[in-house]
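Notes for the structure review
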Amino acid sequence: VQLQAFGGGLVQAGGSLRLSCAASGRTFSSYHMGWIRQAPGKEREFVAIITWSGTSTGYADSVKGRFTISRDNAKNTVYLQMNSLKPEDTAVYYCAADIRYEDLVRLRCDYWGQGTEVTVSS
């Protein structure tokens, strides 16, 4: 699976952005998909996950209630809708895929996309 994320940019605090991640390969619908971010000078951290079927999602406490992950298996795409953005959301956001749910949450992902940068100004 090859992943390409896009949609990042500069936004003011309180604003919104939607990230997209396009996947290649016919087995996209077999993978759990997630978003991971890395802020400047910090380690990568889990943000959100969606199961292969799209029926279950999970979020880091820091984004719960503000971010929504979704997927369209017909388009081989996963999305991250980010609302009420805060300066601390500034980071490079990566999409990732894994067959095992726990591995993705623990950042032990089989596949990573290149990052897309999100900057939230105060």
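**Some points on the overall build of the protein chain**
Per the secondary structure count, the protein chain includes one helix and 11 strands. Helices and strands appear in the protein chain in the N-to-C order β-β-β-β-β-β-β-β-β-α-β-β. For 122 residues, the compact-globule formula gives about 14 Å, and the C-alpha radius of gyration of the protein chain, at 13 Å, lands near that figure. Referenced to the eigenvectors of the C-alpha coordinate spread, the extents of the protein chain come out at roughly 40 × 25 × 25 Å. Expressed as a percentage of its 122 residues, the buried residues of the protein chain come to 45%. Considering only intrachain contacts with a sequence separation of at least 6, the fraction spanning at least 24 residues in the protein chain is 56%. With the model as given, the accessible surface of the protein chain reaches about 6,200 Å², and the carbon-plus-sulfur share is 45%.

**Focus: the state of the cysteines**
Considering all chains together, one arrives at one disulfide under this definition. Lacking any disulfide linkage, cysteine 109 is separated from the closest cysteine sulfur, that of cysteine 95, by 9.9 Å. Residue cysteine 109 is classed as buried on the basis of its relative accessible area of 12%.

**Details of the side chain of aspartate 103**
Mapped onto the elements, aspartate 103 comes out in helix 1 (residues 101–105). A distance of 2.7 Å separates the side chain of aspartate 103 from the side chain of arginine 100, its partner in a polar contact. Non-local contacts of aspartate 103, meaning those with residues more than four positions away in its chain, are made with Asp98, Arg108 and Cys109.

Rules behind the numbers
- Residues numbered from 1 in each chain as written.
- Predicted model: local features only at pLDDT ≥ 70, side-chain atom pairs only at ≥ 80, totals over all residues.
- Heavy atoms only, no water.
- Helix = DSSP H or I, 4+ residues; strand = E, 2+ residues; numbered from the N terminus.
- Rg over C-alpha atoms; globule rule 2.2 N^0.38 Å.
- Buried < 20%, exposed > 50% of the residue type's maximum accessible area, 1.4 Å probe, protein only.
- Contact = heavy atoms within 4.5 Å.
- Areas by Shrake-Rupley, 256 points an atom, 1.4 Å probe, with all protein chains shown as cover.
- Disulfide = S-S within 2.5 Å.
- Polar contact = N/O pair within 3.5 Å; in protein donor to acceptor, adjacent residues only side chain to side chain.

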